[in-house]
Amino acid sequence: SSPDESEDQDLISGFLRIVDKVWVLSDSSSVVEWTQSSEDNPHHPIDHQLSYETEWDMINAVSFRRKVHAHGDGGSNHTNVRNKWAFSFNVCDLRSITVKCEGWSYISFSLKDATALPAIHFHQGGSTAFLDSLRKSVQINESPDDESLLIVSTYCKTFSQSFENLLDDTNYGLVQKFKKDPYTTTLGGFSKVTNYLFDAFRVPELECHQRPAEEVADLLGELIPGLEINQQEEPGFEVITRLDLGPRPEVQRRGPVTMEDWAKYQDSEGRITNVPHLKDLIFKGGLCHAVRREAWKFLLSYFPWNSTHEERKLLQKRKTDEYFRMKLQWKSVSEEQERRNSRLRDYRSLIEKDVNRTDRNNKFYEGLDNPGLILLHDILMTYCMYDFDLGYVQGLSDLLSPILFVMENEVDAFWCFVSFMDEMRENFEEQMQGMKTQLIQLSTLLRLLDLAFWNYLEAQDSGYLYFCFRWLLIRFKRELQFQDVLRLWEVMWTRLPCQNFHLLVCCAILDSEKQKIMDRKYGFNEILKHINELSMKLDIEEILSKSEAICMQIKNCKDLPHSVSEILGLNTVTEPSAALETSEYGTLESPQTSPRSTNRQDHVVTNGHSHLKETTHNVPAGI
């Protein structure tokens with residue numbers, strides 16, 4: 001904001017940068033610079049290399065120019081001859097920082113020589129990220145008397161290296177971040193957080209060889225709020241019969257559906273014909289990228305399969321009008337109204353924060369003033385108007401990003417995202433019922449497929465499968481390369497070869513890693529670290545082949561447990577004699593529903609440690 005003392009203060013756009021300058025004969029020093037766009041050269045090109053990855057850059061700024069400081073002095077010149085509002089200072093001269101919020105965050109710097117610099121407003125978010133970066137150069141502590149005041153003390157980087165060897169700053173910082181933003185920390189550094197916490201709580205092996213189940217449950221509840229493990233309310237016992245599941249069939253995948261292939265399945269009026277066969281081709285090989293923009297609209301139920309070209313045009317026109325009516329609702333909210341609407345302010349703040357860090361290495365979203373980022377922001381804000389009960393929860397940008405990338409159209413992307421969210425919504429609701437159900441279902445499937453591996457995980461306090469949390473929450477978005485995410489999602493949207501196919505994808509990944517985990521005798525921390533490090537190293541075609549093979553193996557089971565049949569939506573034979581005739585796989589049954597289970601000779605009784613009880617957390621602050 002302009003230092004002019006007037007009733008209507010002007011806001012000046014610009015860039016805030018931290019510059020690390022290294023000199024030959026002295027220690028490095030960081031300089032904070034603020035530079036307003038030059039009025040005499042408004043079209044000066046933006047330096048993308050310095051700005052596109054920094055979340056604190058102001059999106060609405062026009063440009064910046066490099067400032068030259070004579071003799072490396074960045075602290076003595078608080079004004080600039082060409083621009084009276086530009087300033088810079090050495091961080092060694094910084095005394096305190098004031099952080100306040102008026103719908104958006106703004107910060108003010110105070111120097112040791114009593115200079116008070118103009119307030120910096122972060123309309124597009126990023127003040128926290130900026131302060132986090134500044135902490136790399138100075139020590140920042142909260143004032144005990146004023147929570148909005150941060151006291152600054154500088155430190156020598158060389159001297160601090162010795163302390164970093166004693167206390168891993170990465171782990172320590174992640175723990176602090178987890179307290180403030182558990183969802184983001186869970187997605188970005190879950191293994192480091194849990195390693196730190198569980199090492200801190202670990203009882204020495206001489207005193208206790210295994211942590212009590214109650215202690216593990218409490219810690220997991222802290223790490224994943226809303227998913228506290230229930231140790232008291234056991235639903236009963238399940239009998240797991242150890243039978244040979246038989247050989248797993250070989251599966252061959254095919255090439256993706258091309259534009260020519262897609263055209264063959266349309267009649268003269270545009271209706272899609274032989275939909276089951278077309279879906280099977282998509283499941284077996286996915287889609288060429290050129291086909292996705294049209295095909296995804298059908299897979300996501302935006303377009304009906306039997307609609308004509310004309311019917312789809314009318315539908316798009318109606319949906320366009322509906323979308324922009326909702327968009328106008330939040331666009332027309334005045335600043336005065338927004339000051340009185342805390343939920344809308346919270347939604348906007350979270351969206352701005354998430355948009356600025358979503359797929360920024362993808363060319364569709366990189367750089368400043370990127371149209372893709374603007375569309376991502378606007379669609380998420382409009383979704384708050386569409387589903388105000390849910391609003392925005394951190395992570396939704398991960399689900400929207402691939403859809404917008406494919407559609408390249410605001411309205412189409414919104415309605416496809418709405419359809420996807422109809423399926424994913426329970427993952428993000430306050431009670432997180434979707435996540436609880438999926439973890440229980442995954443545990444049931446894994447026990448059927450490989451009881452020995454599941455028992456091993458149980459022995460390592462990992463039977464809750466909490467390490468699959470991120471996989472299920474945002475459908476492997478952070479585990480796969482971007483193009484592989486597109487392939488996996490379009491395959492899953494065919495709803496073939498069963499429902500909840502994504503759970504079999506989890507089983508396939510675990511099946512590939514189980515031998516390594518068991519042979520190396522990985523414990524709690526090692527399992528978590530190993531699974532977390534699989535990110536971006538997975539082969540999507542291999543996973544899809546194995547997932548389909550597992551599904552076929554389960555389908556061939558003659559005596560398929562009712563619980564598994566329900567999870568995968570399979571039609572099972574109810575006649576006992578018919579079931580016996582086709583039986584060749586092991587089973588997982590409940591004694592209350594299957595009296596025959598007590599007559600089996602080779603079985604193990606286990607209690608259901610995977611069951612979870614409900615706890616609440618605040619929305620939209622994340623998970």
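Residues numbered from 1 in each chain as written. Predicted model: local features only at pLDDT ≥ 70, side-chain atom pairs only at ≥ 80, totals over all residues. Heavy atoms only, no water.

> I would appreciate a short explanation of the pattern of salt bridges in the present structure.
A side chain with one charge may pair with a side chain of the opposite charge, provided their charged atoms come close. A full pass over the atoms with the stated rule returns 32 salt bridges. Residue Arg 135 is joined to Asp 132 by a salt bridge in which the shortest nitrogen-to-oxygen separation is 3.0 Å. With a relative accessible area of 31%, Arg 135 lands in the partly exposed category. Of the charged contacts in the structure, one is a salt bridge between Arg 470 and Glu 479, with a shortest N-O distance of 2.6 Å. (Salt bridge = Lys/Arg side-chain N within 4 Å of Asp/Glu carboxyl O. Buried < 20%, exposed > 50% of the residue type's maximum accessible area, 1.4 Å probe, protein only.)

> Can you help me understand the side chain of Lys 297 in this one?
Among the secondary structure elements, Lys 297 is positioned in helix H9 (residues 289-299). Dropping the residues within four chain positions of it, Lys 297 is found in contact with Tyr 302, Phe 303, Gln 316, Met 407, Asp 412 and Cys 416. (Helix = DSSP H or I, 4+ residues; strand = E, 2+ residues; numbered from the N terminus. Contact = heavy atoms within 4.5 Å.)

> Please explain the nonpolar core as it appears in this structure.
Buried together is how nonpolar side chains tend to be arranged in soluble globular proteins. Residues Trp 262, Leu 399, Ile 403, Phe 428 and Phe 467 are the most contacted members of the largest nonpolar core, which totals 124 residues. Sorting elements by how many residues they give to this core places helix H15 (residues 410-428) first, with eleven residues. Shared between two domains, this core holds at least three residues of each, these being domain 3 (288-427) and domain 4 (433-568). By size, the runner-up hydrophobic cluster in this structure holds 19 residues, among which are Val 91, Leu 94, Ile 107 and Phe 122. (Core = buried A, V, L, I, M, F, W, Y, C linked by side-chain atoms within 4.5 Å. Domains from an automatic or database assignment.)

> What's the story with a negative patch on the surface in this structure? I'm lost.
Where like charges cluster on the molecular surface, the negative patch consists of Glu 142, Asp 145, Asp 146 and Glu 147. The exposed category is assigned to Glu 142, whose relative accessible area is 59%. (Patch = residues over 30% accessible without salt bridge, like charges linked within 9 Å, V, L, I, M, F, W, Y side chains within 5 Å. Areas by Shrake-Rupley, 256 points an atom, 1.4 Å probe, with all protein chains shown as cover. Lys, Arg positive; Asp, Glu negative; His and termini not counted. Charge placed at Lys NZ, Arg CZ, Asp CG, Glu CD.)

> Whenever I open this one, the packing of H9 against helix H14 (residues 396-407) confuses me. Can you help?
Angle between the axes and distance between the axes are the two parameters that describe a pair of packed helices. Running from N to C, H9 and H14 point in directions that differ by 115 degrees, and their axes come no closer than 8 Å. Between H9 and H14, the angle is such that the two are roughly perpendicular. Here H9 and H14 pass one another in a crossing that is left-handed. Counting all contacts with H9, which are made through His 289, Arg 292, Arg 293, Trp 296 and Lys 297, the residues of H14 involved are Pro 402, Ile 403, Phe 405, Val 406 and Met 407. (Axes fitted to C-alpha atoms, helices over the stretch in contact; angles between N-to-C directions. Parallel < 35°, antiparallel > 145°, perpendicular 65-115°, else oblique. Left-handed = near helix turned anticlockwise from the far one by under 90°.)

> Would you mind showing me how to read the packing of aromatic side chains here?
Each aromatic ring pair is specified by the distance between its two centres and by the angle formed by the two planes. All chains considered together, the criterion is met by 26 aromatic pairs. When the ring of Tyr 466 is compared with that of Phe 467, the centres are 5.6 Å apart and the planes differ by 70 degrees; the resulting orientation is edge-to-face. For the pair Tyr 466 and Phe 467, one class covers both residues: buried. Here the aromatic cluster, defined as three or more aromatic residues joined through ring pairs, consists of Tyr 323, Phe 324, Tyr 383, Tyr 386, Phe 414, Trp 415 and Phe 417. Cation over ring: Lys 319 sits above Trp 415, and NZ or CZ is 4.1 Å from the ring centre. Sitting over the ring of Trp 454, Arg 447 keeps its end group 4.9 Å from the ring centre. (Phe/Tyr/Trp six-rings, centres within 6.5 Å; stacked < 30°, edge-to-face > 60°. Lys NZ or Arg CZ within 6 Å of the ring centre and 35° of its normal.)

> What exactly am I supposed to notice about unusual backbone geometry here?
Of all residues except glycine, most have a negative phi; of all peptide bonds, most are trans. For the bond from Leu 496 to Pro 497, the omega torsion is -5 degrees, close enough to zero to count as cis. Phi is positive for Arg 475, which is not a glycine, with a value near 50 degrees. Taking the relative accessible area as the measure of exposure, Arg 475 reaches 5% and is therefore buried. Although it is not a glycine, Asn 500 adopts a positive phi angle of roughly 60 degrees. Mapped onto the elements of the fold, Asn 500 is located in the loop between helix H19 (482-492) and helix H20 (501-519). A residue is classified by how much of its surface remains accessible, and Asn 500, at 23% relative accessible area, is partly exposed.

> Even after reading the chapter, I still don't get the pairing of strand S5 (residues 104-111), so can you show me in this structure?
As a general feature of sheets, a regular strand has side chains that alternate between the two faces. Among the eight residues of S5, seven are classified as buried, and the element is accordingly described as predominantly covered. Strand direction decides the pairing type here: strand S4 (residues 94-102) and S5, joined by eight bridges, are antiparallel. Bridging from a neighbouring strand, Val 99 pairs with Ile 107 of S5. Here S5 runs beside strand S6 (residues 120-122); their pairing, made up of three bridges, is antiparallel. By the bridge assignment, Ser 105 is partnered in S6 with Phe 122. (Pairing = 2+ DSSP bridges.)

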